[in-house]
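Spelled out, the chains give:
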Amino acid sequence: MKVTVVGGGPGGLYFALLTKKAQPGWDIQVIEQNRNDDTFGFGVVFSDDTLEEFLSRDPETYEKIRDHFAYWDDIAIHFKGEEVRCAGNGFCGTSRFTLLKILHERCAELDVKLVFTERVEPAELKVRYADSDIIVAADGINSAIRDHFADAFKPSITVKSNRFCWMGSTRPMDEFNYFFRMTDHGIICAHTYQYQADASTWVFEMDEACWSGHGFEEFDEEGSRDKLEAIFADELRGHSLLLNRSNWRNFPRIFCENWYHDNIVILGDAKASAHFSIGSGTKLAMECGIALSDAVLEHGEQSIEAAFKAYDDERRTPCQIIQHNADVSLAWFEHMNRSWDMDPMQFSMVVMCRAKSITYDNLILRDPSYVEKVDTAWYERYYRETGVDVRQSRPTPMFTPFKLREMEIPNRVVMSPMAQYSADEHGNLTDWHFVHYTSHALGGMGMIHCEMTCPSPDARITRGCPGLWNDEHEAQWKRIVDFIHANSDAKFCMQIGHAGRKGSTQLGWEEMDYPIAVADQNWPLVSASPIQYFEGKSAVPAELDRSGMDRIRDDFVQAAERAARAGCDMLELHCAHGYLLASFLSPLTNRRTDEYGGPVENRLRFPLEVFNGVRAVWPQERPMSVRVSATDWKEGGLSEEDFLAIAQAFHDAGCDLIDVSAGQTVPDQQPVYGRMFQAQFAEAVRNVPKIATMAVGNITAAAQVNTILHTRRADLVALARPHLWDPYFTRRAAASYGTMVGHWPPQYLSGRDQAYREQEKAHDTALELQRKARPTRHVKTLPMAAE
């Protein structure tokens, strides 16, 4: 078997040496266009977990790396003249030059052929290496091979907005430091860490306006260094900055749809790039090198394609997770000005949790004293803002009350609206609804949002959707609300909405969003514009005219009056997910040429008419919220500018809370899923116009709730599916944190006491197991350079 690796970066070299170690008889060569002593950049970063993998794969390489790395446990955030530290992170840095030298030496020991200063033209690749069974394209982030075979690899490349450059310094440090500096032109962040005894990496990052304002485009490397040395003089402590091709760049976000073509397989930054802010570029390349080696060794002699497929199967999901975390981290750095008004402790929490992979509970395990300080700052801030003193009880943020107008919610956990499709054909509630809502209310959440309830028969999504258009409906909802108020301290929010073009469809567990199968059971649809939901399959809605607008507005108004008489604590207007009011807001579904179409101000006109009509009859002491889709997940849909304008317009009209969801506007959307994947949109509303928000979307754990609240991504946190299988999610979380808050029905008090005893024992056991499971600290002390 002959293998040619094009590109001599860490990923390709590690693949080569691991494969050669397992198959000494194979002919493996690495072709590198640079000299063997060339390297660009300064240090690279590995986590404890990655070091464990290196140890298990090739102890010889691991020991050599271990002899040369600088280890740190703390992350220090420097903000507004204060330093905040969080311990227990476990990373090491080493010189990129040293790492490459170690890998070169190990390859030579194993008889991997290394060829330097040889450039490979992609058009000649298959001819030049026609005798190679496998060609590994590991030629970096600017991969010429990937670009030449773009039709096969199908790369997507997005150039991000921030400017950055890599420099080094002789300043020593025994922690990873983030230095945030406000300048006359904006914020500059220096990401810094030591990688050998006398050198540290400094990555400077800023937005385009800051970069232009400082005139960096007019400077060469030396000029940029001089300016940055002046700006960060205090942080450098008299040490100079070092250069090595320290050019200003914009980060290219790369991911390839296909990872192999014929006998060519792509590796490292050539196939997927991860932003430097989570320190995973080299880690990602080397871990993919491990997986590719495993796959080739297991399948290569039988089937090259099977080997490549096994590599893809093994690494695609982990790569996407790492890249998603890096994308979220990158996005925060693009908007770090949105957090600048925070106090140092809260800002540090945002920095630590920015990628959403680290949560409140992770930090308790890493550094309990840090979390105690962060909590203390949160309670102090909460006391200043609300006058409510929880500084002694310390209930964690999720168990603090939240007030909107005269309604006080006992904690920050909300049961998200979830369609039950269980009403009868006339919109009447059934026993299912009574059991569903009242049993969940006993679970301890602060507020329950009911499913979208319709103000008229033709406003329904399905024949199983509940209504609020007659006295019977009103009485049925009142029975539920009265029970909840009598037996819990949960608040109840009535969500009202009109399905629009997504109406007259089958139940959620049937063929969702498709018309009712029995044709004569369907009803006429209306929307902002006459556009089918499913082209050729859904009914064409009528474009809503003025008389229709008046009728529907009045339907909403009477429903709001009924919800008030039923005792609902809050009212939410559904303007998301492609339903009627959302169809006016999105440019994908609003093609009107009258005063209700075109710019966002016009698209807002009818939804605001409905909101104003409802707000006028809804009791002034009770709050109202609006659910909106922050994005349509499709090009040409809602922009962030649109979304923030929509939130501001509703707020100005008297909306107290923006319930931030996303998508479901069009069937060909392309959402980017992940943990807490919509929290970023709630965060934008909370931090730009500074409007109270509720976050929703794949939030599954109490740790995530506390993280969202601590980092000011939202004021309330809604969970949907977790409440379906665990109505007692909130009580379980309270017991796990040792927080004795909230009303318990007297019938359940003995169960409460047992729950707290058992949770305390389980919590102690889990902490001990987690501590034992933590990876070994790979510490080998390096001498520190003198200040």
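Please give an account of the nonpolar core that cites residues and values.
As a rule of thumb, soluble globular proteins bury nonpolar side chains together. Ranked by internal contacts, the top residues of the largest apolar core, which has 131 residues, are Phe180, Tyr370, Trp477, Phe492, Met494 and Phe650. Setting aside its immediate chain neighbours within four residues, Met494 contacts Cys450, Thr453, Leu468, Trp477, Ala563, Cys568, Met570, Leu571 and Glu572. Within the second largest apolar cluster, 67 residues are counted, among which are Phe15, Phe69, Tyr71 and Ala291.

Describe the pattern of salt bridges, with residues and values.
Per the counting criterion, the structure on display carries 54 salt bridges. With its nearest N and O atoms 3.2 Å apart, the salt bridge here joins Arg146 to Asp147. Its relative accessible area of 2% is what places Arg146 among the buried residues. Of the residues examined, Asp147 reaches a relative accessible area of 42% and is grouped as partly exposed. The salt bridge partner of Arg551 is Asp555, with a shortest N-O separation of 3.3 Å. Of this pair, Arg551 and Asp555 are both found in helix 18 (residues 546-565), four residues apart, which corresponds to roughly one turn of the helix. On the basis of relative accessible area, Arg551 is assigned to the partly exposed category, the value being 36%. Each of Lys21, Asp58, Glu60, Lys64, Arg106 and Glu109 takes part in a single network of salt bridges with overlapping partners.

Residues and numbers for the packing of aromatic side chains, please.
Taken as a whole and judged by the stated rule, the model has 42 aromatic pairs. Pairing Trp166 with Phe276 gives two aromatic rings, centres 5.9 Å apart and planes at 70°, and the pair type is edge-to-face. With Trp166 in strand 10 (residues 155-169) and Phe276 in the loop between strand 17 (264-266) and helix 11 (281-299), this pair connects stretches of sequence that are 110 residues apart. For the pair shown, Trp166 and Phe276 are each scored as buried. For the ring pair Phe179 and Trp202, a centre distance of 5.5 Å and an interplane angle of 10° mean the geometry is stacked. Highlighted residues: Phe179 in strand 11 (residues 176-183) and Trp202 in strand 13 (residues 199-206), separated in sequence by 23 residues. With a relative accessible area of 4%, Phe179 lands in the buried category. Through successive ring pairs, a cluster of aromatic residues spans Trp72, Phe79, Phe176, Tyr178, Phe180, Tyr193, Trp332, Phe333, Trp340 and Phe347. A cation over an aromatic ring shows up here: Lys271 above the ring of Trp259, its NZ or CZ 4.6 Å from the ring centre. In this structure, Lys502 packs its charged tip against the face of Tyr579, placed 4.9 Å from the ring centre.

An account of the state of the cysteines is requested, with residue identities and associated values reported.
Per the counting criterion, the structure on display carries zero disulfides. The cysteine Cys107 is free of any disulfide, with Cys288 supplying the nearest cysteine sulfur at 17 Å. Here Cys465 is not disulfide-linked; the sulfur of Cys454 is the nearest cysteine sulfur, at 5.1 Å. Accessibility expressed as a relative area gives 2% for Cys465, which makes it buried.

Reading the values: rules and limits
Residues numbered from 1 in each chain as written. Predicted model: local features only at pLDDT ≥ 70, side-chain atom pairs only at ≥ 80, totals over all residues. Heavy atoms only, no water. Core = buried A, V, L, I, M, F, W, Y, C linked by side-chain atoms within 4.5 Å. Buried < 20%, exposed > 50% of the residue type's maximum accessible area, 1.4 Å probe, protein only. Contact = heavy atoms within 4.5 Å. Salt bridge = Lys/Arg side-chain N within 4 Å of Asp/Glu carboxyl O. Helix = DSSP H or I, 4+ residues; strand = E, 2+ residues; numbered from the N terminus. Phe/Tyr/Trp six-rings, centres within 6.5 Å; stacked < 30°, edge-to-face > 60°. Lys NZ or Arg CZ within 6 Å of the ring centre and 35° of its normal. Disulfide = S-S within 2.5 Å.

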